[in-house]
Amino acid sequence: MLHIKSFSSTPLNSRKHLYFVSVYFFGCNHLVVVRLEPSKLLGKVGDRVSVSVKVYGVSNLYSYDVHLTWNPKVLRLVDFAFGPFLTPSDPTKIERYQAVFDDKLSLGARLISPESPKSGDGVLALATWEVLSSTYTSISLDSNLLDPDANPIVHEKYGAEFGTKIDVTAVASAIAPMFAVALLPAIFKPVIETVRRGA
């Protein structure tokens, strides 16, 4: 619902009016975000790099699952942990699961009644990799958030990147002029020879 108010700063019989508009939105959902932080990772072979899976602006979160994928030729998972955000007041009132593969990590947690849902911002999970290669890989993120009635909580999700992604188009654009210059002698040599023979 959109509510607009206007106010006049001068008498009503005046031709000039100054209007102030105040806009109120009622019943609009705020933006919920799950993201990897930091979003950019750098390191040399043998280094360790880490990310946190963070949620922002969530309300009534009762369960979640997160899934990270990467190139196993570039990164090797060495450690992971559940974050503190969904920690219950009673340690027995939560279920957790995990699945680990060479190129994927899946973590999930669900509160158990009568534990209360969580709202706000916080860390859902953490992950650490050893760098095997300094080449580029994306770290993709997929996630699901549910309220106490198992209704999905709509949210946006953002992964991360390790290394520097090569812009193929930019590299090709930069190299093309150099190739053109290098080919000039070969292109013009037949022309030069023809001119010489004609002379």
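Structure: above.
Cut-offs and rules
Residues numbered from 1 in each chain as written. Predicted model: local features only at pLDDT ≥ 70, side-chain atom pairs only at ≥ 80, totals over all residues. Heavy atoms only, no water. Core = buried A, V, L, I, M, F, W, Y, C linked by side-chain atoms within 4.5 Å. Buried < 20%, exposed > 50% of the residue type's maximum accessible area, 1.4 Å probe, protein only. Helix = DSSP H or I, 4+ residues; strand = E, 2+ residues; numbered from the N terminus. Contact = heavy atoms within 4.5 Å. Pairing = 2+ DSSP bridges. Axes fitted to C-alpha atoms, helices over the stretch in contact; angles between N-to-C directions. Phe/Tyr/Trp six-rings, centres within 6.5 Å; stacked < 30°, edge-to-face > 60°. Lys NZ or Arg CZ within 6 Å of the ring centre and 35° of its normal.

A.B. asks: Would you take a moment to explain the nonpolar core for this structure?
C.D. replies: With 36 residues, the main nonpolar core has Leu-68, Trp-129 and Leu-145 as its most contacted residues. Those elements giving two or more residues to this core turn out to be strand 3 (33–37), strand 5 (48–61), strand 6 (63–69), strand 7 (75–82), strand 9 (104–111), strand 10 (118–131), strand 11 (137–146) and strand 13 (160–162). Looking at which element gives the most residues to this core, the answer is strand 5, with six residues. Once residues within four sequence positions are removed from consideration, Leu-145 is found in contact with Val-32, Val-34, Val-55, Val-58, Leu-61, Ser-63, Tyr-64, Leu-124, Asn-151, Pro-152, Ile-153 and His-155.

A.B. asks: Explain the sheet that holds strand 13 here, please?
C.D. replies: Sheets are built from strands that pair by backbone hydrogen bonding, the pairs being arranged parallel or antiparallel. Spatially, the six strands line up as an open sheet ordered 4-13-11-6-9-8, and their pairing is mixed. Looking along the sheet, the strands with just one partner apiece sit at the ends: strand 4 (40–41) and strand 8 (94–100).

A.B. asks: Can you walk me through the sheet that holds strand 5 in this structure?
C.D. replies: Taken together, the five strands give an open sheet; going across it, the order is 7-10-5-3-12, and neighbouring strands pair in mixed fashion. Each edge of the open sheet carries a strand with a single partner, namely strand 7 and strand 12 (156–158). Averaged over neighbouring strand pairs, the angle between their axes works out to 15° when direction is ignored. Bridge count between strand 3 and strand 12: three bridges; the pairing is parallel. Residue pairing in the sheet places Arg-35 in a bridge with Tyr-158 of strand 12.

A.B. asks: Is there a simple way to think about the packing of aromatic side chains in this case?
C.D. replies: The relation between two aromatic rings is expressed through the spacing of the ring centres and the mutual angle of the planes. Throughout the structure, instances matching the rule amount to one aromatic pair. Measuring from ring centre to ring centre gives 5.3 Å for Trp-70 and Trp-129, while their planes differ by 75°; the resulting arrangement is edge-to-face. Taken together, the positions of Trp-70 in the loop between strand 6 and strand 7 and Trp-129 in strand 10 put the pair 59 residues apart, joining distant regions of the chain. Classification of Trp-129 as buried rests on a relative accessible area of 0%. For the cation-ring pair, Arg-96 lies above Phe-82, with the distance from its terminal atom to the ring centre recorded as 5.5 Å.

A.B. asks: Mind showing me how you'd approach the pairing of strand 10 here?
C.D. replies: One face of the sheet, then the other: side chains in a regular strand alternate in exactly this way. Where strand 5 and strand 10 come together, ten bridges link them in antiparallel fashion. Each bridged residue has a counterpart across the sheet, and for Val-58 the counterpart in strand 10 is Gly-120. Pairing of strand 7 with strand 10, which is carried by seven bridges, proceeds in the antiparallel orientation. In the strand pairing of strand 10, Asp-79 is matched with Thr-128.

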